[in-house]
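Tertiary structure, described
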Amino acid sequence: EGVSQFTVLGISKGNGNKYEDITLVMQTSNDISDKEYLARLTGQIKERNNRLPVFKKLSRILITSDSLPLANGIKIKRAEIKKQIESSLGNYVDL
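Notes on the structure follow. What you are looking at is a predicted structure, and each value in this text was computed from that prediction instead of being measured.

Reading the values: rules and limits
- Residues numbered from 1 in each chain as written.
- Predicted model: local features only at pLDDT ≥ 70, side-chain atom pairs only at ≥ 80, totals over all residues.
- Heavy atoms only, no water.
- Helix = DSSP H or I, 4+ residues; strand = E, 2+ residues; numbered from the N terminus.
- Contact = heavy atoms within 4.5 Å.
- Polar contact = N/O pair within 3.5 Å; in protein donor to acceptor, adjacent residues only side chain to side chain.
- Buried < 20%, exposed > 50% of the residue type's maximum accessible area, 1.4 Å probe, protein only.
- Pairing = 2+ DSSP bridges.
- 1 Å grid on protein atoms, 1.4 Å probe; cavity = no way out; pocket = protein on both sides within 12 Å on 5 of 7 lines; lining within 4 Å.
- Points joined across faces, edges and corners; volume = space filled by probe spheres on them.
- Nonpolar A, V, L, I, M, F, W, Y, C, P; charged D, E, K, R; others polar.

1. Some points on the environment of Lys57
- Residue position: Lys57 is located in the loop between helix 1 (35–49) and strand 3 (60–64).
- Separated by 14 residues in sequence, Lys57 and Gly43 place their C-alpha atoms 15 Å apart.
- Discounting residues that sit within four places of it in the chain, Lys57 has contacts with Ile22, Asn49, Asn50 and Leu52.
- A distance of 3.3 Å separates a polar side-chain atom of Lys57 from the backbone oxygen of Asn50.

Following this line, the structure appears as structure tokens:
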């Protein structure tokens, strides 16, 4: 509902930790400050996430109203998103 693009990628946990969080990054056309919308969206994601095996479960959800970077207008540039998030750049909200 309202999500136009999304991707799943590994984001470093930081502090020298060698493991990564399985992170869902979504771009929405809805207002990311709308608490009701975010609560509904989070509920839908958690419901689906609970059905996944432990090693595939999401550990972090990020949402943005900005367009995700694309390669040739088709594929999402996951490496660029990862770099933005790990460098604290971009307009991503943690759910």
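That was the structure; now back to the text.
2. Some words on unusual backbone geometry
- Phi angles above zero are rare outside glycine, and Asn72 is one such case at about 55 degrees.
- A relative accessible area of 76% means that Asn72 is categorised as exposed.
- Of note in this structure, Ser88 is not a glycine but carries a positive phi near 60 degrees.
- You can see Ser88 is positioned in the loop between helix 2 (78–86) and strand 6 (93–94).

3. Considerations on the pairing of strand 3
- With respect to burial, strand 3 is a largely interior element, four of its five residues being buried.
- Sheet topology places strand 2 (residues 20–28) next to strand 3; five bridges connect them, and they run parallel. Looking at strand 3, one finds that Leu24 is bridged to Ile61.
- Pairing geometry for strand 3 and strand 6, over two bridges, is antiparallel. Bridge assignment links Ile63 to a residue of strand 6, and that residue is Val93.

4. Describing the layout of surface pockets
- Its volume calculated, the largest pocket comes out at about 260 Å³.
- Around the largest pocket sit 14 residues that line it, and Leu24, Met26, Gln44, Ile45 and Arg48 are the ones nearest its centre.
- For the lining of the largest pocket, the elements supplying multiple residues, two or more each, are strand 1 (3–12), strand 2 and helix 1.
- When residues of the lining of the largest pocket are assigned to their parent elements, the largest contribution, five residues, is made by helix 1.
- Tallied by class, residues from the lining of the largest pocket come to nine nonpolar, two polar and three charged.

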